[in-house]
Each structure stands twice: as structure tokens, then as C-alpha cells.
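Listed here are the chains, written in short residue letters.
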Amino acid sequence: MKKQFSGRLFAIVILLVLFSVQIGAQEKLDLQMVQRIRKEGLENSKITDLLIYLCDVYGPRLPASPQYLKAGEWVVGKAKELGLENAQMETYGTFGRSWELQKFYAAMTAPQYMPLIAFPKAWTPGTNGVLKGNAVLLNVKKPADLDKYKGKLKDAIVLTQAAQDIPISFDPVASRLSDEDLKKLVLAAEPGARSPYTARMEEMMAQQQLQQAVTKFLQAEGAGVVLEPSRGGKDGTVFVASGGSRTKGAPMPLPTVVVALEHYNRIARILQKDIPVAMEVEVQARFTDDDQPGYNVVAELPGVDKKLKAEVVMLGGHFDTWHSGTGATDDSAGCAVAFEAVRILKALGVQPRRTIRLAMWDGEEQGFVGSRGYVTNHFFDRGKKEKKPDYDKLAAYFNFDNGSGKIRGIYAQGNSAVAPIFEEWLKPIHDLGATTVTLRNTGGTDHLSFDAVGLPGFQFIQDDLEYDTLTHHSNMDVYDHLSRGDLMQAATVMAWFVYNAAMREEKLPRKYFDPNAPAPTRSRN
């Protein structure tokens, strides 16, 4: 019996090996082209200059803001200058209200003067001039604790939480994936295992329930401005996003400012000693009353094959950013990598069989608004369960949006048929550090808009560097925290992947699609 079982096992192994060899044999890789792509991408890169413009000149870029529109027009001009076709700002529908920060100032004026490192939350209103007064520190553990503040907070400068602990950390701020990390990533996740991200989100949701009660109370009492501590971070790093709604007609929140922990804690500790703290706060923010159209930025390198040129290979990142930094790692880096990948192919005179379409997405931070709208308009309408004519013409979409770390491989999103193809593509560039294909899914990027409707959309595996610890949605998300060498490698790898997808005989294989499956979320695994 053992001998019979052993023979069957041996036969299965042989079949798997033959299948793998067959897949590899089908991939006709142009090794001269990969050499040329490497030389152009690593020795003649233009990505640094592009990033200076995207970050320093045209950042930040909140959706529907004047800055976003100016930046989009600049990219369209650069695409036309490169010789790309159909370069345009393409509307996907309505985004909602736009918001623009025009001026901000905050300081403690007594018992000592201290200008604050702080930023207003997006989609929160201004203060109607300089608000002056003594700060009030709330001590609220449960909603009932709010009763003692009734009638005392009209036009007040309110701190919502006590001083926050800032533990000493001996962990490095920046990190790369080790060989062991990559090996673990290849293995299937344990059934039922929850990601650390999910656990953090559940904890945050519990805190938000109390915070919602506090916010409702402060609005009813007519508070002047709310000061919140940054959610983690230290050394003056402020993590800040949105505090209001982009939806037309939504209730207007209170002016809300996020303060660096060191400055917030100093004020809170003084107040806890019953010593008055005088403050000044001014926020000037501009809303639009009406819904604004949203725009993705797109451009093409046309295909030349008579049979395949109607098919499309797409690549991109998201163009919108938050407002406290310049959106360097989230996601000017991804837009620059995609643009540079196309520039590399254009510089080499590549004539792709399929059309290569560059896309820079709007509203990713608000829930993939731009890429979802694009997929709905071009490929598949989830609401109507309607397949569009171009649905069968998309060969692949490749996304870059996890900071500026180099590419270490790619997430196959559970697509077992595509994994061995990607493994073959990676072999000629293993020495660049890109070696790993995992069947695992990853979330939090625009590839999910494609994956959710059965289209082959993929996000690359990247080194984290300082992304989660320092730059993600913070005032430190600036050009100085980009790793230019990593981005040169990433553009080179992306150019190679896009080239292969555009030149191979068949489109990349797709996985099973359930049109009744829930829409994607922003969670990262």
C-alpha cells in the first residue's frame, strides 16, 4: 500500500513539474529587451526630476482642488511632450465638494509662547478669524462624563483627550523585507488568521464610537475649534486626514486641528495642573458648495499589432494626496514609477502589440473613487451587473502604491494561473531583488477596483522603508523621504512587466469572478 501511495505521489509531483515547465516554455522572454530596459531605467533615469515637480511644485493634491487640476494639466502636457497619445484629464463622474486650506496658525500664548506644529483636518471649516481664549481639556471616559461641560464650551478651544504616552522605541524607523519575510509571504495565510491591520481597525472603531458622542456634544454646545492629538508619531510628525464629508449637503463639522504629540501633551499637562493656557487659532479653509467633477489622468502608448492593438495593458498609481505633506510616498512615487516605466519603453522605441495605458487615479484616499469610476465606465458596472465592451480587452493592470520601497515581487491575488507566468518574468531580474510571487491578496490600493470585477489587477510587493512608521498620511510625506534608487529599480521592473504583458500572445489568465461578491475595502493585509 505504501509503495502504491508513493508511486501516486511521485506521479503527481512529475505532473506539477511538467505543468510548470510548460508554463515557462510558453513565456518567450526577450532577454535583450530586459537588458535594454535595465540600462535605460537604471543608468538614464528621469524619475528624480519628475518627482520634484510632482512633490515640490504640484503637491499636495486633494481631489477636485485647484492644485489637483493644475497638477493634472501639467502631467497631460508632459505626456504629450513624451509623445504619448490620448493624454487627457478624463472625468469619471462626480467627486463631491472640494476643500482647500488657505491659511493656518495656532499657538499657545500663555503661560509661555509656543507656535504649534499642527494641521487642520480636510473637509472641516475655518474659524471665521483668529479665535482667542483659554483652552479646555475634556476628561471623558464615557458619554455620561460630558454632562459636566454643558453650557461651558461656547466658542471654546477644546482639547478632546489627555496627554498621550510616547514610549521610547528601539525599533528602526525604516525596514526592508528579509528573505525570511518573503518566504513567509509565499506561504498561504493560516485559515481564520486576522491581520494586525484588522485588529487595529477594531480598536480604532471602539474609540471612534466615544469620539462621535464627544463630537456631537461639542457641536451642540457651539465649541469654537477642536484640537486632537496626532494618532501616533513623534518628533513633530503629524498624521492627519479628513474630518468632514465631501458629500454635497452633508452637515458641517467643527473646525478641527490635529496637533503634534509633543506640543499637544505640553498643553494637556499644564491644564491638568489647573493652570490656564491661553491660545490663538486661525483656520482659513475654502469649500465649494456644489459637487465637482472628478478626473483621472490618462495617456497611451498605442499598440501596433492588427489583432491585439485594441487590447490594453494598464499601469498606474493614485494622483490624489493628503494635505499636510506633499504626497511624495503616497502616491506621487507610484505615479512617477508608472510614468517613468512608460518613458523607458518610449525611449527604447518599443512598439507594443497591445496598447499601453498610463493612469493616475483620483480619490483613492476616499475609497478608490477614481479607479472605481473608471472601471464602471469602461469595464463593468457593479451596480447594474453590466459588462462593458472593453471588459474582455483588458490584459492586465499593474499598480504601485505602498511608499517608495523597491519592488520585491508581486501579489497574484489568488490567481493560480498567473503565478507561474510572473515567476518566469521575475527570473531575469532576480538580481534586482524582485524574486517573489505570492498567491495572497493585498488590499488598500486601486488594483482592487479591477480585481473586484474579475479583471487581472495586481499590486507589487514593496519594501516598507519608512512608509508605515513615518510618512503615510503625515506631514513627513515629502520628497526628502523618497528612496530614489528604489524608485529607479521599481520603474525598471514595472516597465519589464508591462512590456511582457503587452507583447505576449495571450492576455493574462483571469480567475473566477462572482458578480455578487462584496465591493473591495481599503484594508491592507
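Attention here is on the structure that accompanies the text. Values in this document were obtained by computation on a predicted structure and should not be read as measured data.

### Here's the deal with the pairing of strand β11 (residues 312-318)
Next, step 1: Of all seven residues making up β11, seven are buried, and the element is well covered by its neighbours.
Next, step 2: Along β11, one buried face is formed by Val312, Met314, Gly316 and His318 and the opposite face, lined by Val313, Leu315 and Gly317, is buried too.
Next, step 3: Where β11 meets strand β12 (residues 355-361), seven bridges bridge the pair, whose relative direction is parallel. When the bridges of β12 are listed, Val313 appears paired with Ile356.
Next, step 4: Once the chain exits β11 it traverses helix α8 (residues 328-347) before rejoining the sheet at β12, and the crossover so formed is right-handed.
Next, step 5: The sheet contact formed by β11 and strand β15 (residues 394-399) spans five bridges and is parallel. Counterpart to Met314 in the pairing with β15 is Tyr397.

### Section: the nonpolar core
As a rule of thumb, soluble globular proteins bury nonpolar side chains together.
Next, step 1: If you look at the biggest cluster of nonpolar residues, it comprises 73 residues, and the most contacted ones within it are Phe398, Phe422, Met494 and Phe497.
Next, step 2: In terms of residue count, the dominant contributor to this core is helix α13 (residues 484-503) (12 residues).
Next, step 3: Counting 23 residues, the second largest nonpolar core, distinct from the first, contains Leu137, Leu159, Val225 and Tyr264.

### Details of the state of the cysteines
Next, step 1: In this structure the tally under the stated criterion is zero disulfides.
Next, step 2: Cysteine Cys55 is unpaired, with the sulfur of Cys335 as its nearest cysteine sulfur at 9.8 Å.
Next, step 3: A relative accessible area of 0% places Cys335 in the buried class.

### As for the packing of aromatic side chains
Here a ring pair, both rings aromatic, is described through the centre-centre distance and the interplanar angle of the planes.
Next, step 1: With the rule as written, the count across this model stands at 23 aromatic pairs.
Next, step 2: Note on Trp361 and Tyr374: the rings are 5.2 Å apart at their centroids and 65° apart in plane angle, and the pair reads as edge-to-face. A residue pair is termed long-range when its members are at least 10 positions apart, and Trp361 in strand β12 and Tyr374 in helix α9 (residues 369-378) qualify at 13 residues.
Next, step 3: On the basis of an interplanar angle of 90° and a centroid distance of 5.2 Å, the ring pair of Phe380 and Phe513 is categorised as edge-to-face. Taken as a pair, Phe380 in strand β13 (residues 380-381) and Phe513 in the segment after α13 lie far apart in primary sequence, 133 residues in all.
Next, step 4: The class of Phe513 is buried, set by a relative accessible area of 18%.
Next, step 5: Positioned above the aromatic ring of Phe95 is the side chain of Arg246, whose terminal nitrogen or guanidinium carbon lies 4.8 Å from the ring centre.

Reading the values: the criteria
Residues numbered from 1 in each chain as written. Predicted model: local features only at pLDDT ≥ 70, side-chain atom pairs only at ≥ 80, totals over all residues. Heavy atoms only, no water. Buried < 20%, exposed > 50% of the residue type's maximum accessible area, 1.4 Å probe, protein only. Helix = DSSP H or I, 4+ residues; strand = E, 2+ residues; numbered from the N terminus. Pairing = 2+ DSSP bridges. Right-handed = clockwise from strand over helix to strand, strands pointing away. Core = buried A, V, L, I, M, F, W, Y, C linked by side-chain atoms within 4.5 Å. Disulfide = S-S within 2.5 Å. Phe/Tyr/Trp six-rings, centres within 6.5 Å; stacked < 30°, edge-to-face > 60°. Lys NZ or Arg CZ within 6 Å of the ring centre and 35° of its normal.

All quantities given are derived from atomic positions and should not be read as evidence of function.
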